[in-house]
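Structural description and commentary
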Amino acid sequence: MNDFVESISTAILLIGGLDPELLGIVALSLRISLSASIVALIVGAPFGAWLAITKFRGHQAIIVLTNAFLGLPPVVVGLALYMLLSRSGPLGSGGLLFTPTAMIMAQSLLAAPIVVALVHRPSTLLWAEYADLARIDGLSRSRSIALLFALGRASLLTAFLAAFGRAIAEVGAIIIVGGNIRGYTRTMTTAIALETSKGDLPLALGLGLILLALSLAVSTVAFLLVGRVGEK
């Protein structure tokens with residue numbers, strides 16, 4: 001019990017004292033996860049809106065498949081990306097393996113289905129209401145998607161926050177493609193796993209407290225936004 005209390009106290013001191021190593025890990029985590037969330041939003045949001053306004057053969061199957069990707073195991077994504085980026089893989093010449101870029105790619109793949117799902121549903125409801133108006137005005141598909149984005153701004157922000165929450169808490173895929181290299185690819189989740197295995201609980205707890213605070217903040221903001229959208 002004394003060891004636990006001492007570890008908590010040391011962790012709080014590390015946070016309060018702005019420990020350089022801790023700050024570096026947090027900064028890298030935020031940079032990677034924010035970048036991945038932006039990529040997921042740029043790719044997933046238009047695709048989700050496009051699914052809402054377009055009907056074609058196999059349309060429902062794509063929606064079902066996209067929703068199935070919500071439960072995609074991170075280690076499988078990490079393994080597949082590792083094989084693509086390794087020297088013997090088709091993208092091996094790029095030298096991206098064990099870099100922050102590879103970690104951003106992994107998190108983007110995991111976050112994109114969340115964005116698609118969260119954008120598709122409200123876009124479908126909005127399209128049911130404004131489709132006739134868009135057709136009368138002769139809007140193209142791209143302009144129709146822009147209209148849905150303008151009407152569903154809160155949904156876009158909710159999707160981004162959900163993607164960020166998924167990305168910041170991920171460990172399985174990024175530790176495979178990132179390698180957990182100190183000062184280069186070590187994020188909060190990979191550092192927590194490493195430091196816990198080494199028995200360095202203060203740093204692991206300090207990072208865990210920061211990660212928990214970020215997750216709670218993102219979840220709270222997303223919940224409030226969903227409530228606002230539901231009221232409308």
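Residues numbered from 1 in each chain as written. Predicted model: local features only at pLDDT ≥ 70, side-chain atom pairs only at ≥ 80, totals over all residues. Heavy atoms only, no water.

It is worth spelling out unusual backbone geometry at this point. In this structure, Phe 98 is a non-glycine residue whose phi angle is positive, near 65°. Along the chain, the position of Phe 98 falls in the loop between helix H4 (74-85) and helix H5 (100-136). (Helix = DSSP H or I, 4+ residues; strand = E, 2+ residues; numbered from the N terminus.)

Per-residue confidence for the protein gives a mean pLDDT of 87; residues scoring 70 or more make up 93%. Mean pLDDT per element in the protein: helix H1 (residues 2-16) is the minimum at 68, and H4 is the maximum at 95. (pLDDT = per-residue confidence, 0-100.)

Quick look at the environment of Thr 185 now. As for its position among the elements, Thr 185 is in the loop between helix H8 (172-178) and helix H9 (188-198). Here the alpha-carbon distance between Thr 185 and Thr 99, two residues 86 residues apart in the chain, equals 6.3 Å. Residues contacting Thr 185, with those up to four places away along its chain left out, are Leu 28, Phe 98, Thr 99, Pro 100, Met 103, Gly 178, Gly 179, Asn 180 and Thr 190. Within the structure, the side chain of Thr 185 is placed 3.3 Å from the backbone nitrogen of Asn 180, a separation counted as a polar contact. (Contact = heavy atoms within 4.5 Å. Polar contact = N/O pair within 3.5 Å; in protein donor to acceptor, adjacent residues only side chain to side chain.)

Our next topic: helix H6 (residues 141-151). The complete set of buried residues in H6 reads Ser 144, Ile 145 and Leu 148. In an axial view of H6, the angular spread of the buried residues amounts to 100°, which keeps them on one side of the axis. Away from its buried face by more than 90 degrees, H6 exposes Ser 142 and Arg 143. In this structure, the buried residues of H6 make contact with helix H2 (20-53) and H5. (Buried < 20%, exposed > 50% of the residue type's maximum accessible area, 1.4 Å probe, protein only. Arc of directions from axis to C-beta.)

Bringing the pattern of salt bridges into the picture now. Applying the stated criterion to the full structure yields 4 salt bridges. Close ionic contact of Arg 135 with Asp 132 constitutes a salt bridge, the shortest N to O distance being 3.4 Å. With a gap of 3 residues between them, Arg 135 and Asp 132 both fall in helix H5, about one helical turn apart. With respect to burial, Arg 135 and Asp 132 carry one shared label: exposed. When the shortest N-O distance is used, the salt bridge between Arg 186 and Glu 195 registers 3.9 Å. Each of Arg 186, Glu 195 and Lys 198 takes part in a single network of salt bridges with overlapping partners. (Salt bridge = Lys/Arg side-chain N within 4 Å of Asp/Glu carboxyl O.)

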